[in-house]
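So you can see what is in the structure, the chains are spelled out below.
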Amino acid sequence: MEGIIALVVVSLLAAFCVRWAAVRMRVPMPTRVSVIIVFVLVVLALYGQHLRG
């Protein structure tokens, strides 16, 4: 359960950082939901590779 909560918190932090960087670089901002979805998919893919060995 703690892992899921940590994943949610880190994905929210990643969404904030990506949006902040986009504003600073003056590029179009991705939506918060799209950043969270991509982040969660990447983390789950890396975790799956870790489980495979």
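In the block above lies the structure referred to throughout.
Colleague: Any details on the overall build of the chain? Residues and values, ideally.
Modeller: Of regular secondary structure, the chain possesses two helices and zero strands. Rg of the C-alpha trace for the chain: 13 Å, well past the compact-globule value of 10 Å for 53 residues, more than 25% over. The C-alpha extent of the chain, read off along each of the three principal axes, is 40 × 20 × 15 Å. For the chain, the accessible surface area stands at approximately 4,600 Å², while carbon and sulfur atoms represent 74% of it.

Colleague: Can you break down unusual backbone geometry residue by residue, with the values?
Modeller: Of note, R26 is a non-glycine position whose phi angle comes to about 60°, a positive value. On the secondary structure map, R26 appears in the loop between α1 (2–25) and α2 (32–52). Residue R26 is classed as exposed on the basis of its relative accessible area of 78%.

Colleague: Quick rundown of α1? Include the residues and the values.
Modeller: The end-to-end C-alpha distance of α1 is 34 Å, a good match for the 34 Å that 24 residues give at a rise of 1.5 Å each. Those residues of α1 that fall on the buried side of the exposure criterion are S11, A14, A15 and A22. Contacts made by the buried residues of α1 are with α2. Of the residues one or two after α1, R26 is the one with positive phi, at around 60°.

Colleague: Give a detailed account of the packing of α1 against α2, specifying residues and quantitative values.
Modeller: Running from N to C, α1 and α2 point in directions that differ by 130°, and their axes come no closer than 9 Å. Considering their axes alone, α1 and α2 lie oblique with respect to each other. α1 and α2 meet at a crossing whose hand is right-handed. Contacts from L7, V10, S11, L12, A14, A15, V18 and R19 of α1 reach α2 at R32, V35, I36, F39, V40 and V43. Its residues assigned to classes, the contact of α1 with α2 shows 11 nonpolar, one polar and two charged.

The rules we used
Residues numbered from 1 in each chain as written. Predicted model: local features only at pLDDT ≥ 70, side-chain atom pairs only at ≥ 80, totals over all residues. Heavy atoms only, no water. Helix = DSSP H or I, 4+ residues; strand = E, 2+ residues; numbered from the N terminus. Rg over C-alpha atoms; globule rule 2.2 N^0.38 Å. Areas by Shrake-Rupley, 256 points an atom, 1.4 Å probe, with all protein chains shown as cover. Buried < 20%, exposed > 50% of the residue type's maximum accessible area, 1.4 Å probe, protein only. Expected span 1.5 Å × (residues − 1). Contact = heavy atoms within 4.5 Å. Axes fitted to C-alpha atoms, helices over the stretch in contact; angles between N-to-C directions. Parallel < 35°, antiparallel > 145°, perpendicular 65-115°, else oblique. Left-handed = near helix turned anticlockwise from the far one by under 90°. Nonpolar A, V, L, I, M, F, W, Y, C, P; charged D, E, K, R; others polar.

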